Protein chains: 2
Amino acid sequence: MKTLTSKDNAQIKNILKLKKSAKYRRQSGCFIAEGLRVCVDAVLSGAEIQALFVTKDAIEKNSDAYNTLSSHADETFVLSSALFDYISDTQTPQGFLCVIKTLDKSAYFDKIDNGGKYLVLDNVQDPNNLGTILRSAEAFGVCGVIMSDDCCDIYNPKVVRGSMGAVFRLAILSVSDLSVWFAEHPTLNTYAAVVDKDAVKVNEIAFEPPCAVVIGNEGNGIRQETAAACNHKITIPMDGKAESLNASAAAAILIWEMVK
Amino acid sequence: MKTLTSKDNAQIKNILKLKKSAKYRRQSGCFIAEGLRVCVDAVLSGAEIQALFVTKDAIEKNSDAYNTLSSHADETFVLSSALFDYISDTQTPQGFLCVIKTLDKSAYFDKIDNGGKYLVLDNVQDPNNLGTILRSAEAFGVCGVIMSDDCCDIYNPKVVRGSMGAVFRLAILSVSDLSVWFAEHPTLNTYAAVVDKDAVKVNEIAFEPPCAVVIGNEGNGIRQETAAACNHKITIPMDGKAESLNASAAAAILIWEMVK
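Residues numbered from 1 in each chain as written. Chains lettered and ligands numbered in written order. Predicted model: local features only at pLDDT ≥ 70, side-chain atom pairs only at ≥ 80, totals over all residues. Heavy atoms only, no water.

A. Molecular detail of the overall build of chain A. Helix and strand content of chain A: twelve helices and twelve strands. The buried share among the 260 residues of chain A stands at 55%. In chain A, 78% of the contacts between residues at least 6 apart in sequence involve partners at least 24 apart. When the accessible surface of chain A is totalled, it reaches about 11,700 Å², and 46% of it is carbon and sulfur. Charge centroids of chain A, computed over 26 positive and 31 negative side chains, lie 5 Å from each other. (Helix = DSSP H or I, 4+ residues; strand = E, 2+ residues; numbered from the N terminus. Buried < 20%, exposed > 50% of the residue type's maximum accessible area, 1.4 Å probe, protein only. Contact = heavy atoms within 4.5 Å. Areas by Shrake-Rupley, 256 points an atom, 1.4 Å probe, with all protein chains shown as cover. Lys, Arg positive; Asp, Glu negative; His and termini not counted. Charge placed at Lys NZ, Arg CZ, Asp CG, Glu CD.)

Written as structure tokens, this is what we have:
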């Protein structure tokens, strides 16, 4: 256990870079999780904790959680409250932050589960939406999530927090071209969610496993080439005045209809 | 049309107070909306625009929208880009911001629509959730929204933006005690959404109009006295590992099941 006091410390600088840059997260193979619950979730999910950062206050208030976390962390650093505030993303920091190694679950997708239900995300950009969508996917027991590689980074701190730790547990695959990946997995029935009154209503379709519902970008929907590569086009019928739902609200309904 | 150059101007100070303080919004009977789309939405919804704030750039880029907005605004002020950045909530400001008079739609609730479907929110706190929920409510044609008065303020800038203007158009009522309000409206069938495996599954219940689905606080769910005053308890069955959905994701599914 070491004590850190300076903003210029290499560990502190590393945290700030991990918070800000998806590129740096990819290069270093690490990301950060802040908050008691999400850090404990990471340990329980078997994630490798490279470093734990805590305040004295946090150790005193949550000694059991601290013992669990520090026994799983390669290194533990104690920070003053002021220094913790400096690295924290939240208004009232709980005093727990972990640097965690990213996981590669791509092997999970070598074979599509015949009874499986999957989620596909095409260029979803907003980290709050992505976190909420991953949380819904886990809640409803989705087998895995396939994401175009221009989606928001799953290790963005807002995604990690918003997903309530689902990023640690879900099987997630990043692919450069969804239409190519669909062609390589022809048994998967793909249902593109579109805003189109002529598409089949989501409540009038039987999702045939193995299947996947495909959700697109917040502003532009699913890319044309991705939609063209899908087997079906489905829509959520709406009676009201608004043009569309928030992407995470639409995703919740679509996943719910697929799995229920 | 007046030009503002100073941060110390009373109009600028007024905007900052309207952004930050729900109490000040209530006292002054005004709120702000930022962004081209949401400002135009406000005008189209018949909201009274007390003042329009624009940059020269915004006028040049969107002259039609500017003409519409300024013709409906009591006063128009032109700001330098730097001053607009100072009042803006967004990273890339569009250069349009309106001060709008709050609307009272409580008269709409004097009589419950016999065929109506309503949404009730009990102490929902997160502005992003509330915005998304109101957007979903409008998308599915919900008749009206009844909110406990300790919910997040609907005129919080994040709610206004996240609702995509639904706050201008939806009939929304604030009440101090939901259980009292339910007792005063005995014809309304109330369905409390709870996390409880023994509650009736939302997909196995017929919502009998006039009806309302009741959604609770993000952390603590529906208040005990509110839940006790409801006719039914319903739940969203989940197979996965997560304990619960994000409040706005749960709301989307519940509203969808109620109206479909």
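B. Region of interest: the relation of the copies chain B and chain A. If you rotate chain B by 180 degrees and push it 0.0 Å along the axis, it lands on chain A with an RMSD of 0.0 Å. The symmetry that links the two subunits is that of a two-fold axis. Interface residue correspondence from chain B to chain A reaches 100%, placing this contact among same-surface, isologous pairings. (Least-squares fit on C-alpha atoms with pLDDT ≥ 70 in both.)

C. How the structure looks around the pairing of strand β7 (residues 144-148) of chain A. All names here are of chain A. Most of β7 sits inside the fold, with five of its five residues counted as buried. The two faces of β7 match: G144, I146 and S148 on one face and V145 and M147 on the other face are all buried. In the sheet, strand β6 (residues 117-121) pairs with β7 via four bridges, with the strands oriented parallel. In the sheet register, Y118 faces β7, and the bridge partner there is G144. Once you follow β6 into helix α7 (residues 127-139) and on to β7, the crossover reads as right-handed. Across four bridges, β7 lies against strand β8 (residues 172-175) in parallel orientation. Paired with V145 across the strands is I172, a residue of β8. (Pairing = 2+ DSSP bridges. Right-handed = clockwise from strand over helix to strand, strands pointing away.)

D. Looking closely at the interface of chain B and chain A. Each partner contributes residues to the interface: chain B has 27 residues there, and chain A has 27 residues. In total, about 2,400 Å² of surface goes out of reach between chain B and chain A, with carbon and sulfur atoms giving 60% of it. Ranking the residues of chain B by area buried against chain A places R135(B), A139(B) and W256(B) at the top, with a combined share of 23%. Across the contact surface, chain B and chain A share two salt bridges. (Buried area = accessible area lost by both parts, 1.4 Å probe. Salt bridge = Lys/Arg side-chain N within 4 Å of Asp/Glu carboxyl O.)

E. Seen up close, the sheet that holds strand β9 (residues 189-193) of chain A. All names here are of chain A. Taken in spatial order, the seven strands line up as β8-β7-β6-β11-β9-β12-β10 in an open sheet, and their pairing is parallel. Strands at the two margins of the open sheet, each flanked by one partner only, are β8 and β10 (200-201). Sheet topology note: the β10/strand β12 (residues 232-235) ladder contains two bridges and is parallel. Paired with K201 across the strands is T235, a residue of β12. Sheet strands touched by helix α12 (residues 247-259): β6, β9, β11 (211-215) and β12. Its angle to β11, the strand with the most contacts, is close to 170 degrees. (Axes fitted to C-alpha atoms, helices over the stretch in contact; angles between N-to-C directions.)

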